[in-house]
Every structure is written in structure tokens, then in C-alpha cells.
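# Descriptive analysis of the structure
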There are 2 protein chains.
Amino acid sequence: MPRDARMVSPEVSETGQVTFRLFAPEAKDVLLTGNVTRHELAPDPAGKMQKVPFVRMVREGDVWSVTLSSLTPDLYTYKFVVDGVETVDPNNVYTVRDVKSVQNMLLVPGDGSAEYMVRDVPHGTVRQAWYRTAFDNSERRLTIYTPAGYETSGRSYPVLYLLHGMGGDETAWSELGRAAQILDNLIAGGKAEPMIVVMPNGNMARHAAPGQDALGQVQPEFYLPHTMDGVYESHFPEIVEYTDRNFRTVPDKDSRAVAGLSMGGLHSLYTSSSHPDMFGYVGLFSAAVEPIQTGQPVAELYHDRAGQIRRQFEKGVKKYYIAIGVDDFLYDSNKVFRAELDSLGVPYIYKESEYGHEWTNWRRYLVDFLPVLFR
Amino acid sequence: MPRDARMVSPEVSETGQVTFRLFAPEAKDVLLTGNVTRHELAPDPAGKMQKVPFVRMVREGDVWSVTLSSLTPDLYTYKFVVDGVETVDPNNVYTVRDVKSVQNMLLVPGDGSAEYMVRDVPHGTVRQAWYRTAFDNSERRLTIYTPAGYETSGRSYPVLYLLHGMGGDETAWSELGRAAQILDNLIAGGKAEPMIVVMPNGNMARHAAPGQDALGQVQPEFYLPHTMDGVYESHFPEIVEYTDRNFRTVPDKDSRAVAGLSMGGLHSLYTSSSHPDMFGYVGLFSAAVEPIQTGQPVAELYHDRAGQIRRQFEKGVKKYYIAIGVDDFLYDSNKVFRAELDSLGVPYIYKESEYGHEWTNWRRYLVDFLPVLFR
């Protein structure tokens, strides 16, 4: 392949500037896109500086490049667009799938990304296993984190059930969410209790992530059946029973948490409120607080939100945690939901962040939420 | 992005033809490359039909496409090259990293790929865990498969140690090698005994696969230090001890196998011959039968191959398995090695296949080798 083997892309300088490069002698136009361009501005037709969803790269000989100085330490995703064709950076092997799209990952080291990095600390074990559901009498795949020392400690651990969003699956939190790295680092730093984290698949119409079930290499879809019809929430005890049976858990309410992002927030809200003796801790990250209109009938489970939550709090909740970004399309519905909690007089932790409905926030919320648990 | 959301690529027809498509209105030349083109021919300058490493795609409007009828059921990898720029297929989320390169995967269903598919059979658990080595007093990552039923059966299992090649890591056999799918299917079909499979990282200069250790997002390299200097082989008992301590194994020689591809074949050969009481079964897949010249001094471990193997067989070997492709660059050195085994008068199984030094063969060898074990 006609590519400069010595080319480095992306290159992070000691002063934190990041240079992206692509060997493309025939190209007429090369763009950099992804959340790496989040702070970039370009003039609009009237000459006013505006945020732009891409940065144009500049040609020098056969190589196109651009250097950004705005990338504070964090985990980013990006792609190139070469004459209208999306491509991953051929010099960067770090890629990740987010629902229907494969992008490059870029970890800019520093304070803001320290908990996402693999550090020289004791590491937990991550496994992909299968549990059986009575829903369609099948096996369903889940990802399970057990903390460093689990294999030999003999002790029992509390459990966090951590749920993905629409279009996601049991790999989302471990891959895009850096859950294992965050847990390893926070536990090693004494910021979080050692715990087991169970990351199930919330798409009852599927048995596993794309490519991991008998459907073969189908392309991922949003809006699968049975995502917001109450089936997942009503079958959730199967996952808890599987976990308590196969792992050394502390099998009581105050040692169980459920948290999720977006659709996983919906699942966390209604699983915990419809099983008020199951979870002591609840986390709603950019949550859909009511089922999104998908043409499916709204299940009975979702009918009496306020009444359910009142009964849930009467039975006891240790911590109820809500976080959302100011640019999130679910911001307003979360505001209505918080007003409902206020009118019920129930306590909750509320964190408002920059940005919108994206993994940058969900990783940060997890880092913020874990220290709240099981203490 | 200007891309036709309804575009399907690759599309496998009912008659087994595969069509690749790319929306690229500005492109002047689009190629399809990867082992999907293995059986394609094109005329050379003299008009003679020759094998080619790519197929030229044809433009129709804004979409480039090509249809291949030569893709028998198997697992393939491919990429596009758009005006000289390598890109993955933006309509196919199935990608896999092979050392330094990210490519698309295509599973053509049928008899030849049946064991690589996720089928509706009981599934084992796959975990990424860490063991401690005295080499540099660090934790090293490994991938471990436990068969379906392991969690509840109470019984003990034999163990296969399955080793990767140069540039590979502890993710190679599970991702490129489809080890979990092959094990699930062969065990469910009664073709292989239920077993534990341990897939360690054979690069002693690294603690884990790229991105999974504290080095951060470095790019993968061939020719790392300590790959062929005997350090891995001499520290291998640490991996066996870790496995026997943490899993329900049958901790004896006749319930242990070691097999590997290329450099992993070297490691299997010399780990088993230098620890003649450890492994009853040995598998050499396209093996480097002597250390490749890397400028490193040749360790004592590698000095007396024939003598070591004679002593190994005197102590007892259940099965010794060798497989290689006729186009492999290691074919000749394997021929010399087989002559050495013949002159020693020791028995072995030998399988010669089509193709060369590639995953197509290593997956097929694993399917062929597993039924030999522990019976």
C-alpha cells in the first residue's frame, strides 16, 4: 500500500497539541470529524465564528494534516472524510463501534482522562457470560466485572447493574464507557468500594451484541422491539438471581445498585421502582424518564411514575442520583421529572454538566457516581 | 454524512455471491483488497491470467461496486482502497485488528464456516484476567475460555494453552481465531471434549494487548524484545500454576495441551520440550521451529532441539500435531523439522493444507486439532 510507514497519526505533543495526518495524494478535500472538533470554530457565511462539526485538513505534498490545541485530556472519537468518503485513520489501530459507526479512539493523557487509562494498579477480571431468560427460553449475553482480588479474597461484594442506551448492547459500557479501567482506578485509589459490575444486554429482541448471536453479521439497529415495553424491567430479577447464584455477592437491597444511560436510565428508573425491595441505589445518566414514542403500546409498568417512586422511597432508597448535560435533548423532560421528585419531597443528588447526550458525559457520570455507592 | 443509508455492503445473495459497495462520488479509482480476492484473476501485461492482490470496483453513478462469486463459506477480511487511501467499509461495522491493521470481517455462512459462527448452542464464558510473573514482578493479561456448564458442573477440566504469533497478543485467538465459537460448536457437537482454553500474551516486553496496558495507545509492533529469547518458555509454568490455582483443572500432564501458531508454535515446541512433564499434547500450526533471526542472542533453550525432543518423547507424549500450508514461508523449515522427527523415530500427526501463513489456516487447524485432545 502506498503509505508512509513512518507516519504517526494522531500525534500528541508534550504541550498537548494533537496532530492528525493522512497520506492521500489524490484527494481534493479531507475533513476531520468527531468530538475532537468540539471546540473548533470557523466563520459562517456572515463572517461570525461558529462551532463546526468538522475541521478541514491542509495539504502539504501528499500528506494532509491538522493540529488542534483545544484537546484537553479526555477520551475522544474521530474519523476522516476523504472527498465525501468516511474512513478511519489507517495509522491508528484504536477503533470502537458506537451502534452503527466505527470510529477511531484517541486518549489524550492527563488529569481529565486519568481514570480512563489503564494504569499500573491491580486489575479486575472482565468476562462475557450467558444467563437464561424465561422470556423466550434463551441464553442472553452479559459482561461482568469482578474486582481485583475477587478470585482469592473469599469475601462477598456488592453489585452495580450498569445499563446501556438505545442501540447499545452488553459491550457498550466496557468498550465505549471504559468501565473496567474506571473501576480498577477508583477502587485502587480508595475512591470506590470493591464491587461486581454486571452489564447486561437491554435489547430483549436480541440475545447478544451484533455478531455475538446466531443472527450472524447483521448490521446494528436502533428501535428494536421490546426495548421500552416493560419486558426488560419485568424480567430483570432473572439477571439478579443469576448474579447472586454464580458470584459471591451480598444479596440484599443495600448492596445493590442499578444505573444506566439514556434508555438504560429509563430501565433503571422503572426496574427499581417496580421492584422496590431490590435496589438501594439508583443512577440516571441522561435518562429517558419516560418511554420514547416508538409506536409500541406503553406498558402498565410506565403508567404511574409518581406513585411508583413514592412507594419506592417509602420502602427506602439510600441514594438516588441524576445527571444530565445542559445540551441534552432530554434536558427538559429531566427537569419535569425533577420537579415531580421535588413535589414528592424525596431526596436526590443532581449533577448538571456541560455537553449533551454523549459518552464524554456518561464516563464522567460513572466516575462521579461510583464513590456514592455502598458506603 | 453524504452516504446512502439504505446501502448494504457486503451483501451475500442466496446463491452465495457477495457484492461490495461504496458511495464515493469523487473517487477516480476504488479497489477491493484482502483475502476476499484470493481466487480472483486478472490479465498480466502479457495477457496471461494471474492472481491479483485486489479487484477493481466499477462505478455506477455515485456508487462503486463489485460482485464476487468465488467466496466459498469462510471468514474473510477486506478493505477498500479509495484513490490510494485504505479505508474500512463504512457500511460494515464488523472490523478486526490484525497486528497493525484494522480490516472488515465478512462471514460467508455455510459448511466451511459453520464452526466459526455463533450458533444456538450452550455458550462458554470468555474472560480477560491477569496473572503475576516473577519476570518483571508485574501482572500480565490473558484470555480464558471456560466451557458451558463450568459454573455449575462441579467437575474438573483438561486445559489447552493456545498461543499467538509474532505481533499478536492475548486477544488474537479469541478475535481473529474465533476460538470461543469453535470451542462452543465442537463441544456441543460432541467433536471435542469440554475443556478450558488459556490464551496468554507471548510478548514478555508487554503486559497486555495494545491499549490494555499502562503504555497507553501506542501502535502495535512486530519484533518486540523477549519474544524469542527463551524467557517466555522458561516462565510458562507461572501460567500453568495460575490456571491450576484459579480454575477447576485436572492438574496432570495428560490433561494439558499446548498449541500455537507461528511464533506461538515455537513457544509450544520449546515450552513442551523444556518442560517434558508438563504437556501430553502439542500442536504446531505453521510453526517457527527455530527462533527467527532478530539480532537477539539464541537462548540455551533453543540449542539442542533434537535432544530435547528425544527426551520429551521418552517421557511420553500422547499426540504431537503439525500442520502447515503449502504456500507458507516456513514450509521448508518445517520439512527439515519433520525429517528430524522421522530420524528420531517419534510419531506425529501431519496435516498439509492449501494457502500460506494466515488465519484461514489457523482456524481450520484448531477445528482439526481439538478433536485429537484428551480422548
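Since we're looking at a predicted model, the values are computed, not measured.

Each value, and the rule that gives it
- Residues numbered from 1 in each chain as written.
- Chains lettered and ligands numbered in written order.
- Predicted model: local features only at pLDDT ≥ 70, side-chain atom pairs only at ≥ 80, totals over all residues.
- Heavy atoms only, no water.
- Helix = DSSP H or I, 4+ residues; strand = E, 2+ residues; numbered from the N terminus.
- Contact = heavy atoms within 4.5 Å.
- Pairing = 2+ DSSP bridges.
- Phe/Tyr/Trp six-rings, centres within 6.5 Å; stacked < 30°, edge-to-face > 60°.
- Buried < 20%, exposed > 50% of the residue type's maximum accessible area, 1.4 Å probe, protein only.
- Lys NZ or Arg CZ within 6 Å of the ring centre and 35° of its normal.
- Least-squares fit on C-alpha atoms with pLDDT ≥ 70 in both.
- pLDDT = per-residue confidence, 0-100.

Right, let's talk about the environment of A:Val52 for a bit. Its location among the elements puts A:Val52 in the loop between β5 (49-51) and β6 (54-56). Sequence-distant contacts of A:Val52, defined by excluding residues within four places in its chain, comprise A:Thr37, A:Glu40, A:Leu41 and A:Ala42.

So, on to the sheet that holds strand β2 (residues 18-23) of chain B. Residues and elements named next belong to chain B. Read from one edge of the open sheet, 4 strands run β1-β2-β8-β7, paired in antiparallel fashion. Bordering the open sheet on either side are β1 (11-12) and β7 (58-60), each of which pairs with just one other strand. By the bridge criterion, 6 bridges tie β2 to strand β8 (residues 63-68) in an arrangement that is antiparallel. Residue pairing for β8: Val18 is matched across the bridge by Leu68.

Here we come to the packing of aromatic side chains. Residues and elements named next belong to chain A. Using the criterion set out here, one finds 38 aromatic pairs over all chains in the structure. Measuring from ring centre to ring centre gives 6.1 Å for Phe236 and Phe279, while their planes differ by 70°; the resulting arrangement is edge-to-face. Taken together, the residues span a long stretch of sequence, with Phe236 in helix α4 (residues 231-246) and Phe279 in the loop between α5 (263-274) and β18 (281-285) at a distance of 43 residues. By relative accessible area, Phe279 is classed as buried at 1%. Ring pairs connect the aromatic residues Trp173, Phe285, Tyr321, Trp359, Trp362, Tyr365 and Phe369, which therefore count as one cluster. Over the aromatic face of Tyr157 sits the side chain of Arg155, whose NZ or CZ is 4.3 Å from the ring centroid. The ring of Tyr350 has Arg338 sitting right over it, with the charged end atom 3.8 Å from the ring centre.

Let us now look at the relation of the copies chain B and chain A. When chain B is fitted to chain A, the residual RMSD is 0.0 Å, and the transformation amounts to a turn of 180° plus an axial shift of 0.0 Å. The relationship between the two copies is best expressed as a two-fold rotation axis. The position closest to the rotation axis in chain B is occupied by the C-alpha of B:Arg127, lying 1.9 Å away.

Bringing the confidence of the model for chain A into the picture now. Fine structural detail should not be taken from predicted coordinates in areas where pLDDT scores are low. Looking at chain A as a whole, its pLDDT mean stands at 94, while 97% of the residues score no less than 70. Interface confidence in the predicted complex, given as ipTM, is 0.94; pTM for the same model is 0.96.

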